[in-house]
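For reference, the chains in residue letters:
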Amino acid sequence: MTTTLTQTDGVYVLDIGDTENRFSPDWMTSVNDALDKVVAAPAPLVLTATGKFYSNGLDLDWLGQNADQFESYVADVQALLARLLVLPVPTATAINGHAFGAGAMLAMTLDWRVMREDRGFFCFPEVDIQIPFTPGMAALIQAKLTPRAATDSMTTGRRFPGPDALAAGIVDGTAPDAELLEQAIARVAPLAGKPAETLGKIKSTMYATAVAALTAEEAR
C-alpha cells in the first residue's frame, strides 16, 4: 500500500502506508503530492497509517545504498517536516503504532496528536543509536514540547507507550484502536473553514525559528 488521501466529513485523511513507512524518496514525493492537493482545496487534515507502524523514520537501507546523497536526502526530510509544521490548515495525527526517530518528528509537526492507548511506542532513539539531532530537528521538537518533555524524550531514548506519552505532554490524547481515527478527526473537524492564508501566516510566525533551522542552507 502506498500513501492514500481520502475525505471523511470534510476532513482529509492521509494514510501514509501499511509498512514501516520510512522516509524513502518515493514516499516523500507521494506525501508531498498529497499535501499539494490539500493546499489546493484547503480543509482540515488528519495523518495516520495502517498496521503495526506509524513510521520508523529515516530509510537507512536507501541511505546505505546512496551515501553520496546523504546531505540532499536530509534536506528533503527536513523540508517535508517544515512544510507540515506550517501547513495552512488545521492538522492532527492518529498515531496507530510505533513512531520512532523521524517518524516521531513527523507526528510532532501536526497541531494535535492522538495515540493508540494499548499498543505502540513513541521514541526518539537518537542518543542510543548515536545519531545526534540536527539543529532543525531539535528546534522542531523543542517548539512543540515543554522543556521537561523535550529533555525526557530527547536525551533518554525512552520508549513511551500511549498513556506515558500523554502524561508527559508528548501527545494530546489516547484512544483504543477502533476510536483512534475518529478522535483525531474530531480534533480538527470543527475548525473547517478557517482562512488558509491567515492560518498559514500564523503558523509561519509561531514556528519561524524551527522552520529557519529546518531549511537552513547548511542542512542541505
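Attention now goes to the pairing of strand β7 (residues 112-116). Among the five residues that make up β7, four are buried, leaving the element largely enclosed by the rest of the structure. Here four bridges tie strand β5 (residues 91-95) to β7, and the two strands are oriented parallel to one another. Along β7, the bridge assignment pairs Ala92 with Trp112. In terms of strand pairing, β7 meets strand β10 (residues 173-175) through three bridges, oriented parallel. Paired with Met115 across the bridge in β10 is Thr174.

Spatial ordering of the open sheet is given by β4-β6-β8-β9, a layout of four strands whose pairing is mixed. Looking at the sheet topology across the chains shown, the edges are occupied by β4 (53-55) and β9 (160-161). Across two bridges, strand β6 (residues 98-100) lies against strand β8 (residues 121-123) in parallel orientation. Following the sheet pairing, Ala99 is matched in β8 by Phe122.

Here the focus is the sheet that holds β7. In space, the six strands of this open sheet follow the order β1-β2-β3-β5-β7-β10, with mixed pairing throughout. For this open sheet the edge positions go to β1 (4-8) and β10, each flanked by a neighbour on one side alone. Averaged over neighbouring strand pairs, the angle between their axes works out to 25 degrees when direction is ignored.

About the cut-offs
- Residues numbered from 1 in each chain as written.
- Predicted model: local features only at pLDDT ≥ 70, side-chain atom pairs only at ≥ 80, totals over all residues.
- Heavy atoms only, no water.
- Buried < 20%, exposed > 50% of the residue type's maximum accessible area, 1.4 Å probe, protein only.
- Helix = DSSP H or I, 4+ residues; strand = E, 2+ residues; numbered from the N terminus.
- Pairing = 2+ DSSP bridges.
- Axes fitted to C-alpha atoms, helices over the stretch in contact; angles between N-to-C directions.

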